Amino acid sequence: ILNVEQSPQSLHVQEGDSTNFTCSFPSSNFYALHWYRWETAKSPEALFVMTLNGDEKKKGRISATLNTKEGYSYLYIKGSQPEDSATYLCAFFSNDYKLSFGAGTTVTVRA
Amino acid sequence: EAQVTQNPRYLITVTGKKLTVTCSQNMNHEYMSWYRQDPGLGLRQIYYSMNVEVTDKGDVPEGYKVSRKEKRNFPLILESPSPNQTSLYFCASGKVDRGRSPLHFGNGTRLTVT
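This one's a predicted model, so the numbers in the text were calculated from it and none came from an experiment.

S.K.: Please explain the packing of aromatic side chains as it appears in this structure.
M.R.: We describe a pair of aromatic rings using the distance from one ring centre to the other and the angle between the two ring planes. Applying the stated rule across the entire model yields 17 aromatic pairs over all chains. Centre to centre, the rings of Tyr-74 of chain A and Tyr-76 of chain A are 6.1 Å apart; their planes meet at 65 degrees, and the pair counts as edge-to-face. A relative accessible area of 28% means that Tyr-74 of chain A is categorised as partly exposed. Aromatic side chains Tyr-64 of chain B and Tyr-89 of chain B sit 5.9 Å apart centroid to centroid with 65 degrees between the ring planes, which places their arrangement in the edge-to-face category. One end of the pair, Tyr-64 of chain B, is in the loop between strand S6 (54–57) and strand S7 (65–66); the other, Tyr-89 of chain B, is in strand S9 (residues 87–94), with 25 residues separating them in the sequence. In terms of burial, Tyr-64 of chain B and Tyr-89 of chain B fall into one category: buried.

Rendered as structure tokens:
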């Protein structure tokens, strides 16, 4: 089982504040790093797919960076809004086609 | 509409009674996979398939079977369910392209085994 860790497990953010959290993964056998957003009672939806060291992706107020050499990725939320409340999952795609998920970071944005 | 369809959404059963959870996708994806989600553990892969008649074990395959007779369908079979298989299950599909494309998830099946 590949060790994909996310921290913190949960965080509470005031509306309008910015936040970030971490995904760490094995630095060997790397193919891709996925970020998914998972809202309660829904299915996970893809945010970003990152494949190259140094990749930076952005979608609206959410962005992500990737460091494959040291095995970590950061997800940033700028100016958090209540609709950003969700669990954010990262997943490591290795060269044997297994996709291993972290346990997620649950973000709660307080109005 | 491109989608992954899982059925049923909710299922309550008793120990030992065989059950099948169906998964179908309409995107012509080669890759399909089953996950279970338990509190604090994230999504754990049960089985995956790279194409028709090609299946491989994930991290937690014990007690499960799968088959891939057609490209669009990837059913999950519990021959003799036990209470420790009570969980939320997700089916997902994607392209076989070294992880460059995201997975598409079904809506989940919440299974309770008593």
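S.K.: Which parts of the structure should I look at to understand the side chain of Gln-45 of chain B?
M.R.: As for its placement among the helices and strands, Gln-45 of chain B is situated in strand S5 (residues 42–51). A polar side-chain atom of Gln-45 of chain B sits 3.1 Å from a polar atom in the side chain of Tyr-31 of chain B.

S.K.: Help me understand the interface of chain B and chain A, please; the structure alone is not making it clear to me.
M.R.: The accessible area lost on association of the parts is a frequent measure of interface size. Every contact between the two is made by 27 residues of chain B and, on the other side, 23 residues of chain A. When chain B packs against chain A, close to 2,000 Å² is buried across both sides, 63% of that on carbon and sulfur atoms. Area buried by chain B at its contact with chain A is led by Leu-43, Asp-59 and Arg-98 of chain B, which between them contribute 27% of it. Counting across the interface, chain B meets chain A through zero salt bridges. On inspection of chain B and its partner chain A, the count reaches four residue pairs in polar contact (both at pLDDT 80 or more). Every element with two or more residues in the side of chain B that touches chain A is listed here: strand S4 (31–38), S5 and S9 of chain B. Of the residues forming the side of chain B that touches chain A, the biggest block, five residues, is contributed by S5 of chain B.

S.K.: What am I meant to see in the sheet that holds strand S7 (residues 62–67) of chain A here?
M.R.: Backbone-to-backbone hydrogen bonds pair the strands of a sheet. The strands run either parallel or antiparallel. All names here are of chain A. With antiparallel pairing, five strands are arranged side by side in an open sheet as S1-S3-S8-S7-S6. Looking at strand neighbours, the two that pair on one side only are strand S1 (5–7) and strand S6 (56–59), the edges of this open sheet. Within the sheet, the average angular offset between the axes of one strand and its neighbour, ignoring direction, is 15 degrees. Pairing between strand S3 (residues 19–24) and strand S8 (residues 72–77): six bridges, direction antiparallel.

S.K.: How should the state of the cysteines be read in this particular structure?
M.R.: By definition, a disulfide links two cysteine residues through a covalent bond between their sulfur atoms. Applying the stated rule across the entire model yields two disulfides over all chains. Between the sulfur of Cys-23 of chain A and that of Cys-90 of chain A lies a disulfide, 2.0 Å long from S to S. Torsion about the S-S bond of the Cys-23 of chain A and Cys-90 of chain A cystine: about 75 degrees, corresponding to right-handed handedness. Residue Cys-23 of chain A is located in strand S3, and its partner Cys-90 of chain A is located in strand S9 (residues 86–94); the two are separated by 67 residues in the primary sequence. Two residues, Cys-23 of chain B and Cys-91 of chain B, share a disulfide whose sulfurs are 1.8 Å apart. Between Cys-23 of chain B and Cys-91 of chain B the disulfide shows an S-S torsion of about -70 degrees. By sign, it is left-handed. Residue Cys-23 of chain B is located in strand S3 (residues 19–25), and its partner Cys-91 of chain B is located in strand S9; the two are separated by 68 residues in the primary sequence. An identical accessibility class is assigned to Cys-23 of chain B and Cys-91 of chain B; each is buried.

Parameters at a glance
Just so you know, the residues in each chain are numbered from 1, in the order the chain's sequence is written. Working convention: letters from A go to chains and numbers from 1 go to ligands, in the order in which they are written. Residues qualify for local features only when their pLDDT is at least 70, as the model is predicted, and side-chain atom pairs are given and counted only at 80 or more; totals for whole chains, interfaces and linings, by contrast, use all residues. Excluding hydrogens and water, the side-chain figures rest on all heavy atoms present in the structure. Working definition: rings of Phe, Tyr and Trp (its six-membered ring) pair if their centres are within 6.5 Å, and the pair is stacked with planes under 30 degrees apart, edge-to-face with planes over 60 apart, and tilted otherwise. Summary of the burial criterion: residues with accessible area below 20% of their type's maximum are buried, those above 50% are exposed, and those between are partly exposed, where the area comes from a 1.4 Å probe applied to protein chains only. Helix numbering and strand numbering both begin at the N terminus, where a helix is a DSSP run of H or I of at least 4 residues and a strand a DSSP run of E of at least 2. Polar contacts, as used here, are pairs of N or O atoms within 3.5 Å; protein pairs need one atom able to donate a hydrogen and one able to accept it. Residues neighboring in sequence count only if both atoms are side-chain atoms. In this analysis, two residues are considered to be in contact whenever any of their non-hydrogen atoms come within 4.5 Å of each other. Values labelled buried area give the accessible surface lost by two parts on being combined, using a 1.4 Å probe and summing over both. The rule for a salt bridge is simple: a side-chain nitrogen of Lys or Arg has to be within 4 Å of a carboxyl oxygen of Asp or Glu. Here, strands pair whenever DSSP counts at least two bridges between them. Structural elements are reduced to axes, namely lines fitted to C-alpha atoms, with helices fitted over the stretch in contact, and the angle between N-to-C directions of any two is expressed from 0 to 180 degrees. Any cysteine sulfur atom paired with another within 2.5 Å is treated as part of a disulfide.

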